[in-house]
Amino acid sequence: MNHPQSPETSPEPLAPGQRLPESERKEFSPEALAEIQAIMAKYPDKLAATLPALHIAQREFGFVSLSAMKAVARAIGIPEGHVFGVATFYTMYQKAPVGKFHLQVCTNISCALRGAAQLLEKVCEKTGVQPGHGPSPDGMWSVEEVECLAGCGVGPCVQVNHDVYDELVDEKKLIEVMEACKRGDYRPWAH
Amino acid sequence: MAAIRTKHDPQLYTFPGFGSDKYPNLMLRGAGDLDNWHLKVYEQKHEGYVAAKKALKMEPVAVTEEVKASGIRGRGGAGFPAGLKWSFMPKDTPERKFTRYLVCNGDEGEPGTFKDRAILEYNPHQLIEGMIIGGWAMQCQLGFVYIRGEFLWLIEKLEAALQQARDAGYLGKNILGTGWDYDIIVHRGAGAYICGEETALLNSLEGRRGEPRVKPPFPAAKGAFGQPTTINNVETLAAVPPILRMGGAEYGKLGTPKNTGTRIFGVSGHVKRPGLFELPLGTPMDFVVNELAGGSSTGRKIKAIIPGGASAPMFDEKDFDCPLDFDTVKARGSMAGSGGLIVMDEDTCMVQATLRLIRFYAHESCGQCTPCREGCNWMEMILYRIEHGEGRMEDLDLLAGLTPRIGLRTLCPLGDAACGPMDSALQKFRHEFEHHITHKTCYAKGSRLLAQVGAH
């Protein structure tokens, strides 16, 4: 958060003012647009729909790319700059693709006292992915080191995508969780 | 889509004697029971919506008076009297009608705190009832519940609970025949600790970056969407129905005279039975840690306890008997904060623990105020080099000199929060920092709190 990264990294950065090619333009599905419209109507001010709309964009497009942010700005009718600012401020908007199962390991103090650091290393070893380095080659896993997930009493804890946490995770439990992912017991990312 | 939890959670919520007159269970009723969130269960087993029906027959001012009489202090961390906060809301006059909002702060992100999650999981209707009573007392038009983005399944559960309440006529138009219209909107956050600060939360609710605002104007004058707003923690609002049911004066007899009622203490770290314990304020810390949580899980002596979530300065052995209420904890140099007790045993390296905490603040600083944005990063870098055997003795004076330049010099308390653990660790465990600098290794053996992977 304190070191924001550019929203989308490209090998050939665009010059200021240069427009993105039309082919990269993203459009919401009509259902998603209707959902955003309904949210805008709920709040006293349409700007308040920015966060919910970005969540919808993440669900629709898999991650919040620059073109997804632009789609949000168009859908709500607010300046693009505002949406870029909001999307890059919050850590839950993934600005790069993640795996089908995004494993978030809390390594904050309460979990760390119960072995979260060792767990994170195990997760990286088992998935072959480093935190913050994108998904595994098969697109199955990605790993993120996150701050307190409010599971302190049952740490160390791992959250798979946005479902219920898995508590008291040791190596055995981690293998169970990964098997459950492979079986499809968890909702895949962006579903 | 609906992800109502079906998996049992291994958390401890109760202890022998819980539910008796000495340890009343006002907020954790039925916690651990996965069916407890239904309206029917809440109404049949837990006197559900009795307080709301009672409150809606009273004058709004009388409801606020009742909450004032209970003496309840905000459970989010600052401990400000909740009834007084409610009375700051402007009243309608013949010349001017106000649009007022009530906001519930469910952005639980303080390390060591996990109480709001339990209320949302097992007693969402109690929160809804509290919000109805608060909304009536302040004559609000709309209520918002701001919940951190990671709690998606709890948001889905709360939405389902809200729908049950709407169907039963507790929300919507003309509630219980009073002619009062009120509804509650759930707003999902997106991963920012700073949004737990009330004005940052308002910005986030309005769809902006979660940056704290300059006060004044205070939220009671100009809050969400420019209208008068009151922000209360989940636990504070969940305590309102019991207050109305029992009567403010009766509730005020719990705890100590200036710190009334019960609160949920979360115990985590090196204890045998970590969990949530609802206890009257003023319960001694060693009783909670040793009796209820079972004492040290490793068999080693307990070295330090953080008494109120990560932001509170640490206590060492001589303060373990401290009664847990707002005033005594403050008088002993820490803060009761959010009620999260983090227990560390003898083998915990305090340099690593402090580095882990400061890294959190450096990561979560919103970047608005220079002292916090730069200062937290500096502290992290200095601690990093001490931890990795490149520290110098002067670094300790540098760290001690940094905190007064961060604390109380920022818009919100995040800067002060970072100084709490830093200062206290340096004062109470200075020998560990010195050992790290001279011997280039930990004073406490066998502790490893930092992962060898990741970007740091």
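Residues numbered from 1 in each chain as written. Chains lettered and ligands numbered in written order. Predicted model: local features only at pLDDT ≥ 70, side-chain atom pairs only at ≥ 80, totals over all residues.

## A look at the overall build of chain B
And step 1. Across its full length, chain B holds 17 helices and 13 strands.
And step 2. By the compact-globule yardstick of 23 Å for 456 residues, chain B fits well, its C-alpha radius of gyration being 22 Å.
And step 3. Seen through its C-alpha atoms, chain B measures out along the principal axes to roughly 75 × 50 × 45 Å.
And step 4. Looking at chain B residue by residue over its 456 residues, the buried ones come to 57%.
And step 5. A sequence separation of at least 24 residues applies to 71% of the contacts in chain B between residues at least 6 apart. (Helix = DSSP H or I, 4+ residues; strand = E, 2+ residues; numbered from the N terminus. Rg over C-alpha atoms; globule rule 2.2 N^0.38 Å. Buried ≥ 20, exposed ≤ 12 C-beta atoms within 10 Å, placed from the backbone. Contact = placed C-beta atoms within 7 Å.)

## What about the overall build of chain A?
And step 1. The helix and strand inventory of chain A stands at seven helices and four strands.
And step 2. In sequence order, chain A lays out its α and β elements as α-α-α-α-β-α-α-β-β-β-α.

## What to know about unusual backbone geometry
And step 1. For the bond running from Gly155 of chain A to Pro156 of chain A, omega is 0 degrees, close enough to zero to count as cis.
And step 2. Note the cis peptide between Lys215 of chain B and Pro216 of chain B, where omega equals -5 degrees.
And step 3. One can find Pro216 of chain B in the loop between helix 8 (198–205) and strand 4 (229–233).
And step 4. Of note in this structure, Gln139 of chain B is not a glycine but carries a positive phi near 55 degrees.
And step 5. As for its placement among the helices and strands, Gln139 of chain B is situated in the loop between helix 6 (124–137) and strand 2 (142–147).
And step 6. Of note in the backbone geometry, Asn174 of chain B takes a positive phi value of approximately 50 degrees without being a glycine.
And step 7. Summarising the element assignment, Asn174 of chain B is placed in the loop between helix 7 (152–167) and strand 3 (183–188).
And step 8. Note on Asn174 of chain B: 11 C-beta atoms within 10 Å, which makes it exposed.

## Let's talk about helix 5 (residues 115–122) of chain B
Structural remark: α-helix, 3.6 residues per turn; residues separated by three or four positions point the same way.
And step 1. A large share of helix 5 of chain B lies buried, amounting to eight of its eight residues.
And step 2. Buried residues in helix 5 of chain B make contact with strand 1 (101–106), helix 6, helix 7, helix 9 (234–246), strand 7 (262–269) and strand 8 (275–280) of chain B.

## What to know about the domain arrangement of chain B
All names here are of chain B.
And step 1. Domain parsing of chain B yields domain 1 (39–253), domain 2 (261–345) and domain 3 (350–439).
And step 2. On a C-alpha basis, the centroid separation for the pair domain 1 and domain 2 is 27 Å.
And step 3. Contact residues are listed per partner, giving 17 residues for domain 1 and 18 residues for domain 2.
And step 4. When contributions to the side of domain 1 that touches domain 2 are tallied by element, the ones reaching two or more residues are helix 5 and helix 9.
And step 5. Broken down by class, the residue content of the side of domain 1 that touches domain 2 amounts to six nonpolar, six polar and five charged. (Domains from an automatic or database assignment. Nonpolar A, V, L, I, M, F, W, Y, C, P; charged D, E, K, R; others polar.)

## Overview of the interface of chain A and chain B
And step 1. On the side of chain B, 64 residues touch chain A, which itself brings 49 residues to the contact.
And step 2. Tallying contributions element by element places helix 2 (residues 50–61) of chain A first for the side of chain A that touches chain B, with five residues.
And step 3. Of the residues assigned to the side of chain A that touches chain B, the class counts are 27 nonpolar, 15 polar and seven charged.

## Some remarks on the sheet that holds strand 4 (residues 165–166) of chain A
Residue and element names in this part refer to chain A.
And step 1. Ordered in space as 2-1-3-4, the four strands form an open sheet in which the pairing is mixed. Strands with a single pairing partner mark the edges of an open sheet, and in this sheet they are strand 2 (141–146) and strand 4.
And step 2. Bridging between strand 1 (residues 101–106) and strand 2 involves six bridges; their strand directions are parallel. Paired with Gln104 across the two strands is Glu144, which belongs to strand 2.
And step 3. Docked against the sheet, helix 6 (residues 116–127) engages strand 1 and strand 2, running at close to 160 degrees with respect to strand 1.
And step 4. Here helix 7 (residues 171–183) sits on the sheet in contact with strand 1, strand 3 (158–160) and strand 4, set at roughly 5 degrees to strand 3. (Pairing = 2+ DSSP bridges. Axes fitted to C-alpha atoms, helices over the stretch in contact; angles between N-to-C directions.)

## Some points on helix 3 (residues 60–70) of chain B
Residues and elements named next belong to chain B.
And step 1. Where helix 3 is concerned, the buried positions are Pro60, Val63, Thr64, Glu66, Val67 and Ser70. Buried residues of helix 3 fall within an arc of 155 degrees about the axis and therefore sit on the same side.
And step 2. In this structure, the buried side of helix 3 is in contact with helix 2 (50–57), helix 4 (82–87), helix 6, helix 9, helix 10 (248–251) and strand 6 (259–260). (Arc of directions from axis to C-beta.)

## Observations regarding the sheet that holds strand 11 (residues 315–316) of chain B
Across a sheet, strands are paired by hydrogen bonds formed along the backbone, either parallel or antiparallel in direction.
All names here are of chain B.
And step 1. Strand order across the open sheet formed by five strands is 8-7-13-10-11, with mixed pairing between neighbours. The sheet is open, and its two borders are formed by strand 8 and strand 11, each paired with just one other strand.
And step 2. Bridging between strand 7 and strand 8 involves six bridges; their strand directions are antiparallel. Looking across to strand 8, one finds that Arg263 is bridged to Leu279.

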